[in-house]
Amino acid sequence: MMAASVNPYMVIDRDYRFVWANAAYERVTNASFDTIAGRDLFEVFPPPNSETEERLRVSIERAFTTGESDEIAFIEYPIRGPDGTMTKSFW
């Protein structure tokens, strides 16, 4: 279901390394899975500021610790476009 979804999904391991991403995630981030597989989430897509990184890390850690989904409010997370310019995005 996640593979066929129009919503972007990705799977990371406990070390924040990409394990899987669907086509919608590739489209939204302008990154093919082949180029991000096994790489650290925060290396590939560095957060725009420390507050965003902290909120995202806390949410991910909470999900890993509890085994339950976790939600955070929208965060600004610029994504590099095909032409190299940063596009304001919210996740």
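Computed from a predicted model, the values in this text were never measured in an experiment.

A. Geometry of the overall build of the protein chain. Across its full length, the protein chain holds four helices and four strands. Starting at the N terminus and walking to the C terminus, you meet the elements of the protein chain as β-β-α-α-α-α-β-β. For the protein chain, the proportion of its 91 residues judged to be buried stands at 31%. Carbon together with sulfur atoms contributes 54% to the accessible area of the protein chain, which is approximately 6,000 Å² in total. Averaging the coordinates of the 9 positive side-chain charges in the protein chain and doing the same for the 15 negative ones gives two points 2 Å apart.

B. Spotlight on unusual backbone geometry. Of note, Tyr16 is a non-glycine position whose phi angle comes to about 65°, a positive value. Relative to the helices and strands, Tyr16 is located in the loop between strand 1 (10-12) and strand 2 (18-21). We classify Tyr16 as buried; its relative accessible area is 10%. For Asn30, which is not a glycine, the phi torsion comes out positive at approximately 55°. By the element assignment, Asn30 lies in the loop between helix 1 (23-29) and helix 2 (33-36). Relative accessible area serves as the criterion here: at 42%, Asn30 is assigned to the partly exposed category.

C. Region of interest: the pattern of salt bridges. A complete count under the given rule lists six salt bridges for this structure. Where Asp13 meets Arg17, a salt bridge forms, and the shortest distance between an N and an O atom there is 2.8 Å. One salt bridge in this structure joins Glu61 and Arg14, with 3.5 Å as the shortest N-O distance. Of the two residues, Glu61 is situated in helix 4 (residues 50-66) and Arg14 in the loop between strand 1 and strand 2; the sequence distance between them amounts to 47 residues. When its relative accessible area of 28% is taken as the criterion, Glu61 is described as partly exposed. Shared partners join several salt bridges into a network, and the residues in it are Asp13, Asp15 and Arg17.

Parameters and conventions
- Residues numbered from 1 in each chain as written.
- Predicted model: local features only at pLDDT ≥ 70, side-chain atom pairs only at ≥ 80, totals over all residues.
- Heavy atoms only, no water.
- Helix = DSSP H or I, 4+ residues; strand = E, 2+ residues; numbered from the N terminus.
- Buried < 20%, exposed > 50% of the residue type's maximum accessible area, 1.4 Å probe, protein only.
- Areas by Shrake-Rupley, 256 points an atom, 1.4 Å probe, with all protein chains shown as cover.
- Lys, Arg positive; Asp, Glu negative; His and termini not counted.
- Charge placed at Lys NZ, Arg CZ, Asp CG, Glu CD.
- Salt bridge = Lys/Arg side-chain N within 4 Å of Asp/Glu carboxyl O.

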